[in-house]
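Descriptive structure summary
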Amino acid sequence: MKAVRIHAFGGPEVLQVEENVARPVPAADEILVKVYASGVNPADWVVREGGNDVLRPYLTLPMILGWDAAGIVEEVGSAVTEFQKGDAVYGEPSFPSAGSYAEYCAAKANQFAHKPKSISFNEAAGVPLAGLTAWTALFEDGQLQAGQRVLIQGAAGGVGSLAVQFAKAKGAYVIGTASASNLEYLRQLGADEALDYRNQQMTELAQSVDMVLEASPLRDNAERLRTVAVLKEGGIFVSVNLDFPFNEAVQAALAAKHATGKLSNNQPRQEWLTEMAQLIDAGQVQVVVSRVYPLEQVADAHRESETRHVRGKLILEIRKEAEQA
Ligand SMILES: NC(=O)c1ccc[n+]([C@@H]2O[C@H](COP(=O)([O-])OP(=O)(O)OC[C@H]3O[C@@H](n4cnc5c(N)ncnc54)[C@H](OP(=O)(O)O)[C@@H]3O)[C@@H](O)[C@H]2O)c1
């Protein structure tokens, strides 16, 4: 099969489009997915470069990148009961081994769900990793409740765009941050307030939020310290930047207001993917794809992701939508 593999860690030039990579064989609890589209995530180029302190121990070469997939079930493992050959699915391939920058990927069945019916494969591939990250951070680690106020930093990105909409769908009051050119976009997603992180002072929100979700690619504890000031007494600060712990000053500021700080890792739960698909099919959540790249242009897709200013999602198209099973 065709796949993008890396044989060495490095810049975008290490991404190799190869024609004769062995097709994976699904284990008993896995499905083999005929991949139509794969999402591009910051983790892809972080891994390509050799990983960070959290990821490095798990990485082996050669490797197929890609941890978002939408496609059609080609084979089911002997223990899989919830899917049949021909089902349209979306989900998160197992990390780090069996990536989705490939014509086929084998993945744990319980990390996949039926694809939302109302959107394309390209759109569906933008949901799993970013959506599960947003869902885990908001509702599992953040315990966000209807009526609460949440500040979402990085609200225009892949994780942030879905987080804004999930939080609104669950009845929260949402304040998002982005650069000036994305403020109207945040309002279109449903944000109640949109703040320009370059020009507006967070302190305007003093003491007003129950939860902060740091979904921005920024890793800066001084910025976190300023943000703690907007948390209510007893609030919660969730960051998805697992590789960047809260420093002592941030921990002390959180403790002083009896607030909690958590680093959040996405949990690839099938029931959450199913609930997200329902929200999408009900028209409550839109998937914003800013650009689709053919698989052959994977290096350009990485270069764009590395700007840290993508709106919504970047997608790699592996097969044309019209090419149905
Ligand atoms: N723990 C996990 O399981 C997990 C999973 C996925 C991702 N992540 C992490 O989550 C973060 C976001 O991922 P993503 O996929 O959403 O990335 P992304 O799509 O590349 O995010 C790009 C967005 O970040 C915004 N941004 C850049 N600098 C900002 C700043 N200083 N303040 C606020 N917003 C800023 C940009 O908005 P403007 O263009 O308007 O500046 C852009 O829309 C990354 O750090 C990633 O490593 C963690």
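Residues numbered from 1 in each chain as written. Predicted model: local features only at pLDDT ≥ 70, side-chain atom pairs only at ≥ 80, totals over all residues. Heavy atoms only, no water.

Strand order in this open sheet of six strands is 11-10-9-12-13-14, and the pairing throughout is parallel. Looking at strand neighbours, the two that pair on one side only are strand 11 (193–196) and strand 14 (260–263), the edges of this open sheet. With strand direction ignored, the average angle separating the axes of adjacent strands in the sheet is 15 degrees. Pairing of strand 12 (residues 209–214) with strand 13 (residues 231–239) involves five bridges; the strand directions are parallel. The residue of strand 13 that forms the bridge with Leu213 is Val238. This element, helix 6 (residues 221–228), spans strand 9 (149–153), strand 12, strand 13 and strand 14 of the sheet and lies at about 150 degrees to strand 13. (Pairing = 2+ DSSP bridges. Helix = DSSP H or I, 4+ residues; strand = E, 2+ residues; numbered from the N terminus. Axes fitted to C-alpha atoms, helices over the stretch in contact; angles between N-to-C directions. Contact = heavy atoms within 4.5 Å.)

Let us now look at the sheet that holds strand 2 (residues 16–18). Sheet architecture is open: three strands sit in the order 2-1-4, paired in antiparallel fashion. Both edges of this open sheet fall to strand 2 and strand 4 (63–64), since each of them pairs with a single strand only. Pairing analysis gives three bridges linking strand 1 (residues 3–6) to strand 2, with the strands arranged antiparallel. Among the inter-strand pairings, Val4 is bridged to a residue of strand 2, identified as Val17.

The next thing to look at is unusual backbone geometry. Residue Pro62 is bonded to the preceding Leu61 through a cis peptide linkage, with omega at -5 degrees. Within the secondary structure layout, Pro62 lies in the loop between helix 1 (42–48) and strand 4. With a phi angle near 50 degrees, His258 is a residue other than glycine that sits in the positive phi range. Residue position: His258 is located in the loop between helix 7 (248–256) and strand 14.

Further remarks concern the domain arrangement of the protein chain. For an interface, size is often stated in terms of accessible area lost upon the parts coming together. The domain architecture assigned to the protein chain consists of domain 1 (3–127 + 287–317) and domain 2 (130–263). Distance from the C-alpha centre of domain 1 to the C-alpha centre of domain 2: 27 Å. Domain 1 puts 13 residues into the contact, and the matching count from domain 2 is 17 residues. Summed over both partners, the interface of domain 1 with domain 2 comes to about 1,100 Å²; 56% of that surface belongs to carbon and sulfur atoms. (Domains from an automatic or database assignment. Buried area = accessible area lost by both parts, 1.4 Å probe.)

Our next topic: the site of the ligand. Around the ligand lies a shell of 26 residues, among which Ser179, Tyr197, Val240, Asn241 and Val310 are the nearest. Contact between the ligand and Tyr197: an oxygen atom at 2.4 Å from a side-chain N or O atom of the residue. Asn241 has a polar side-chain atom sitting 2.6 Å from an oxygen atom of the ligand. Bound to the protein, the ligand loses 90% of the 930 Å² it would expose on its own. Among the secondary structure elements, those contributing two or more residues to the shell around the ligand are helix 4 (158–169) and strand 10 (173–178). Across the shell around the ligand, the residue classes break down as eleven nonpolar, 13 polar and two charged. Built from parts of two domains, the shell around the ligand gets at least three residues from each of domain 1 (3–127 + 287–317) and domain 2 (130–263). (Near = heavy atom within 4 Å. Polar contact = N/O pair within 3.5 Å; in protein donor to acceptor, adjacent residues only side chain to side chain. Areas by Shrake-Rupley, 256 points an atom, 1.4 Å probe, with all protein chains shown as cover. Nonpolar A, V, L, I, M, F, W, Y, C, P; charged D, E, K, R; others polar.)

With that out of the way, let us pick up the packing of aromatic side chains. Under the definition given, this model contains five aromatic pairs. With centroids separated by 4.4 Å and ring planes inclined at 20 degrees, the aromatic side chains of Tyr36 and Phe121 adopt a geometry described as stacked. Of this pair, Tyr36 sits in strand 3 (residues 30–40) while Phe121 sits in helix 2 (residues 121–124), placing them 85 residues apart in sequence. Phe121 gets classed as buried once you look at its relative accessible area, which sits at 3%. When the centroid spacing of 4.8 Å and the interplanar angle of 55 degrees are considered together, the rings of Trp67 and Phe95 count as tilted. Linking Trp67 in the loop between strand 4 and strand 5 (69–76) with Phe95 in the loop between strand 6 (88–91) and strand 7 (104–108), this pair joins segments that are 28 residues apart in sequence. Trp67 gets classed as buried once you look at its relative accessible area, which sits at 2%. Each member of the aromatic cluster is reached from another via a ring pair, and the members are Trp135, Phe139 and Phe166. Above the face of the Phe139 ring, Lys170 is positioned so that its terminal group lies 5.8 Å from the ring centre. Lying over the aromatic face of Tyr36, Arg319 brings its terminal NZ or CZ to 5.9 Å of the ring centre. (Phe/Tyr/Trp six-rings, centres within 6.5 Å; stacked < 30°, edge-to-face > 60°. Buried < 20%, exposed > 50% of the residue type's maximum accessible area, 1.4 Å probe, protein only. Lys NZ or Arg CZ within 6 Å of the ring centre and 35° of its normal.)

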